[in-house]
Amino acid sequence: MSVIDLNADLGEGTGHDEDLLEIVSSASIACGAHAGDAATIRKILRICKARGVRAGAHPGYADPKRFGRFRIVMPLDTLLGQIREQLFLTRFIADEVGVPLAYVKLHGALANQTAEELAFAVGIFATIQAMDARMAALALDNSQQVRAARAVGMPLIREAYADRAYTRDGLLVPRSQEGAVIHDTDAVVAQCLRLARHGELVAIDGTVIKSAARSICLHGDTPGAVDLAREVRDALESEGITIAPVPPEAPEPPAA
């Protein structure tokens, strides 16, 4: 039986986190930098615990005015310090609530940069791995994030996006480009079904991309997010696909 994990980015002030937590199987929780605060993190973690939803941390650039969607040039040590602070806060609250943080998913511009730049991604993931070797990387499949997670020995969950268009290289089309976000519900559902059934995505230029992603991101900050999430879940389940957290791939053993 095929299994797909549905994850959503939560704690970002959309007002419908509780509704999405009835639909998804994993919750990527904003860590107080691009969005969120301690009270919101705690509330979401408590709901995750009550409903059996897997919880993960969702750190990004500390730039709430621009929602963490613009790259910021800063010393790497400064950025790593910001990421550590976000994870310390989220992990402290998770420990208090009694919910394990199973994974880290990077947000916005930070995610895009690590998807493109291997050395940068290695630096970020090595820092996270050193904090907690059990936490997996929820990483964009076919990107440098996957290679970086493998390089530093992090468990890996491969991810794709329900409502984003892809380049022929398997990366996300920049939001500045027309067609980057898919608004048509039927097109979103079709993209999710093709991935789940055939392990394929179709790039914006028509190129067919192979993908091993088994976790699909449903954005919580788009109009009609809850209805769209229900449509995707219903469509997958109607095809006999189980919605549940997928276990991470184990780190590769070191070369002999």
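Here the structure is shown first, and the text comes after it.
Residues numbered from 1 in each chain as written. Predicted model: local features only at pLDDT ≥ 70, side-chain atom pairs only at ≥ 80, totals over all residues. Heavy atoms only, no water.

Trainee: Could you give an account of the overall build of the protein chain, with specific residues and numbers?
Mentor: Broken down by element type, the protein chain carries 8 helices and 10 strands. A compact globule built from 256 residues should have a C-alpha radius of gyration of about 18 Å, and the protein chain, at 17 Å, falls within 12% of that. By principal-axis analysis of the C-alpha atoms, the protein chain measures approximately 40 × 40 × 40 Å. For the protein chain, buried positions account for 55% of its 256 residues. Within the protein chain, contacts between residues at least 6 apart in sequence are counted, and of these 69% link residues at least 24 apart. In the form shown here, the protein chain has an accessible surface area of approximately 11,200 Å², with 52% of it arising from carbon and sulfur atoms. Averaging the positions of the 26 positive and the 33 negative side-chain charges in the protein chain gives two centres separated by 4 Å. (Helix = DSSP H or I, 4+ residues; strand = E, 2+ residues; numbered from the N terminus. Rg over C-alpha atoms; globule rule 2.2 N^0.38 Å. Buried < 20%, exposed > 50% of the residue type's maximum accessible area, 1.4 Å probe, protein only. Contact = heavy atoms within 4.5 Å. Areas by Shrake-Rupley, 256 points an atom, 1.4 Å probe, with all protein chains shown as cover. Lys, Arg positive; Asp, Glu negative; His and termini not counted. Charge placed at Lys NZ, Arg CZ, Asp CG, Glu CD.)

Trainee: Just give me the short version of the pattern of salt bridges, but keep the residues and values in it.
Mentor: Applying the stated criterion across every chain yields a total of 19 salt bridges. Put simply, Arg-197 and Glu-239 hold a salt bridge, and the shortest N to O gap is 3.2 Å. Of this pair, Arg-197 sits in helix α7 (residues 185-198) while Glu-239 sits in the loop between α8 (225-238) and β10 (242-243), and the two are 42 residues apart along the sequence. Taking relative accessible area as the criterion, Arg-197 reaches 45% and is therefore assigned partly exposed. Since its relative accessible area comes to 41%, Glu-239 is described here as partly exposed. Among the charged side chains, a network of salt bridges with common partners joins Asp-141, Arg-150, Arg-158 and Glu-249. (Salt bridge = Lys/Arg side-chain N within 4 Å of Asp/Glu carboxyl O.)

Trainee: Account for empty space enclosed by the protein, with residues named and values stated.
Mentor: Taken as a whole, this structure holds 2 cavities of 30 Å³ or more when the rule is applied. Of the pockets and cavities examined, the largest cavity occupies roughly 70 Å³. Looking at the largest cavity, the residues that line it are Lys-105, Leu-106, Ala-111, Asn-112, Ala-115, Leu-138, Leu-140, Gln-145, Glu-159, Tyr-161 and Leu-172. Estimated volume of the second largest cavity: approximately 40 Å³. Lining the second largest cavity are Ala-162, Asp-163, Leu-218, His-219, Thr-222, Ala-225, Leu-228 and Ala-229. Of all the elements, α8 adds the most residues to the lining of the second largest cavity, at 3 residues. Taken together, the residues of the lining of the second largest cavity break down into 5 nonpolar, 2 polar and 1 charged. (1 Å grid on protein atoms, 1.4 Å probe; cavity = no way out; pocket = protein on both sides within 12 Å on 5 of 7 lines; lining within 4 Å. Points joined across faces, edges and corners; volume = space filled by probe spheres on them. Nonpolar A, V, L, I, M, F, W, Y, C, P; charged D, E, K, R; others polar.)

Trainee: Explain a negative patch on the surface residue by residue, including any values.
Mentor: Among the surface-exposed residues, Asp-184, Asp-186, Glu-231 and Asp-234 lie close enough to one another that they form a single negatively charged patch. Here Glu-231 is to be found in helix α8. Glu-231 sits in the partly exposed class, given a relative accessible area of 44%. (Patch = residues over 30% accessible without salt bridge, like charges linked within 9 Å, V, L, I, M, F, W, Y side chains within 5 Å.)

Trainee: Talk me through unusual backbone geometry; I want residue IDs and the actual numbers.
Mentor: Despite not being glycine, Phe-67 has its phi angle at roughly 60 degrees, a positive value. In this fold, Phe-67 is placed in the loop between β3 (54-58) and α3 (76-97). Since its relative accessible area comes to 18%, Phe-67 is described here as buried. The backbone of Asn-142 shows a phi angle near 70 degrees, a positive value even though the residue is not glycine. Position of Asn-142 relative to the elements: it lies in the loop between β5 (136-140) and α6 (144-152).

Trainee: Provide a residue-level description of the pairing of strand β9 (residues 215-218), including the pertinent values.
Mentor: Covered by surrounding structure in β9 are Ser-215 and Cys-217 together with Ile-216 and Leu-218, the residues of both alternating faces. The pairing of strand β1 (residues 3-10) with β9 spans 4 bridges and is classified as parallel. In the strand pairing of β9, Ala-8 is matched with Leu-218. In the sheet, strand β6 (residues 156-161) pairs with β9 via 3 bridges, with the strands oriented parallel. Each bridged residue has a counterpart across the sheet, and for Tyr-161 the counterpart in β9 is Cys-217. (Pairing = 2+ DSSP bridges.)

Trainee: Describe the packing of helix α4 (residues 108-116) against helix α5 (residues 118-131), naming the residues involved and giving the relevant values.
Mentor: Across the interface, α4 lies against α5 with an axial gap of 6 Å and an inter-helix angle of 120 degrees. On the basis of the axis angle, α4 is oblique to α5. For the pair α4 and α5, the contacting residues are Leu-110, Gln-113, Thr-114 and Glu-116 in the first and Leu-118, Phe-120, Ala-121 and Ile-124 in the second. Each residue belonging to the contact of α4 with α5 can be placed in one class, and the counts come to 5 nonpolar, 2 polar and 1 charged. (Axes fitted to C-alpha atoms, helices over the stretch in contact; angles between N-to-C directions. Parallel < 35°, antiparallel > 145°, perpendicular 65-115°, else oblique.)

Trainee: Let's hear about the nonpolar core: which residues, and what values?
Mentor: In terms of nonpolar packing, the biggest core is built from 78 residues, with Leu-6, Leu-21, Leu-45, Ile-124, Phe-125, Ile-128 and Leu-236 touching the most fellow members. If you look at the next biggest cluster of nonpolar residues, it comprises 5 residues, including Tyr-103, Leu-138, Ile-157 and Val-246. (Core = buried A, V, L, I, M, F, W, Y, C linked by side-chain atoms within 4.5 Å.)

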